[in-house]
Amino acid sequence: MTKFKIVREGDTKPSLEEMQAFVGGKIEIVRLSDGDHLVVNDEGLLDGLPVNFDATAVWWCDVGDDVVKEHGLPPLVGDVMLVHGGID
């Protein structure tokens, strides 16, 4: 079972080390149109991590069905952290 952690605006932003520990490796940032960031495991697809349906739904909803179909976007996998307002 995958985890989907939400860091709300006003909460303490996670450190690089905290994000790496949560996703279980190197991180990759998926930027959403509203300025939020999804933090994912950079090698999750290669490592065969399970699909994170909650995080994938957030991402695909953000980019739209047309983009998902046109580009064949893969699902997000493994544990994912949503950081409202971004990590910057």
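Residues numbered from 1 in each chain as written. Predicted model: local features only at pLDDT ≥ 70, side-chain atom pairs only at ≥ 80, totals over all residues. Heavy atoms only, no water.

A. Examining the environment of Glu28 more closely. Within the secondary structure, Glu28 is located in strand S2 (residues 27-31). Accessibility expressed as a relative area gives 37% for Glu28, which makes it partly exposed. For the pair Glu28 and Gly10, spaced 18 residues apart in sequence, the C-alpha separation works out to 23 Å. Apart from residues no more than four positions distant in its own chain, Glu28 is found in contact with Leu38, Val39, Val40 and Asp42. (Helix = DSSP H or I, 4+ residues; strand = E, 2+ residues; numbered from the N terminus. Buried < 20%, exposed > 50% of the residue type's maximum accessible area, 1.4 Å probe, protein only. Contact = heavy atoms within 4.5 Å.)

B. Expanded view of the layout of surface pockets. In this structure, the largest pocket spans a volume of roughly 190 Å³. Mapped by element, the contributors of at least two residues to the lining of the largest pocket are S2 and strand S3 (37-41). Tallied by class, the residues present in the lining of the largest pocket amount to eight nonpolar, two polar and two charged. (1 Å grid on protein atoms, 1.4 Å probe; cavity = no way out; pocket = protein on both sides within 12 Å on 5 of 7 lines; lining within 4 Å. Points joined across faces, edges and corners; volume = space filled by probe spheres on them. Nonpolar A, V, L, I, M, F, W, Y, C, P; charged D, E, K, R; others polar.)

C. Geometry of helix H1 (residues 16-23). Taken together, the buried positions of H1 are occupied by Met19, Phe22 and Val23. Buried residues of H1 fall within an arc of 85° about the axis and therefore sit on the same side. Away from its buried face, by an angle of more than 90 degrees, H1 presents the exposed residues Glu17 and Ala21. Following H1 by one or two positions, Gly24 adopts a phi angle in the positive range, close to 80°. (Arc of directions from axis to C-beta.)

D. Quick look at the side chain of Asn52. One can find Asn52 in the loop between S3 and helix H2 (53-63). For Asn52, a relative accessible area of 1% gives the class buried. Beyond its immediate chain neighbours, meaning those up to four positions away, Asn52 contacts Thr2, Lys3, Phe4, Leu76, Val77, Gly78, Asp79 and Val80.

E. The pairing of strand S4 (residues 80-83), seen in detail. Where burial is concerned, the two faces of S4 agree: the one with Val80 and Leu82 and the one with Met81 and Val83 are both buried. Across four bridges, strand S1 (residues 4-7) lies against S4 in parallel orientation. Bridged to Phe4 within S4 is Val80. Sheet analysis places S3 next to S4, joined by three bridges and oriented antiparallel. Counterpart to His37 in the pairing with S4 is Val83. (Pairing = 2+ DSSP bridges.)

F. View of H2. Every buried residue of H2 is accounted for by Ala55, Thr56 and Trp59. End-on view of H2: buried residues confined to an arc of 100°, all on one side of the axis. In H2, those exposed residues whose orientation departs by more than 90 degrees from the buried face are Phe53, Asp54 and Cys61. If you follow the buried residues of H2, they end up packed against S1, S2, S3 and S4. Measuring from the backbone nitrogen of Asp54 back to the side-chain oxygen at the start of H2 gives 3.4 Å, which picks out Asn52 as the cap. Within two residues after H2, Gly64 carries a phi angle of roughly 95°, on the positive side. (Polar contact = N/O pair within 3.5 Å; in protein donor to acceptor, adjacent residues only side chain to side chain.)

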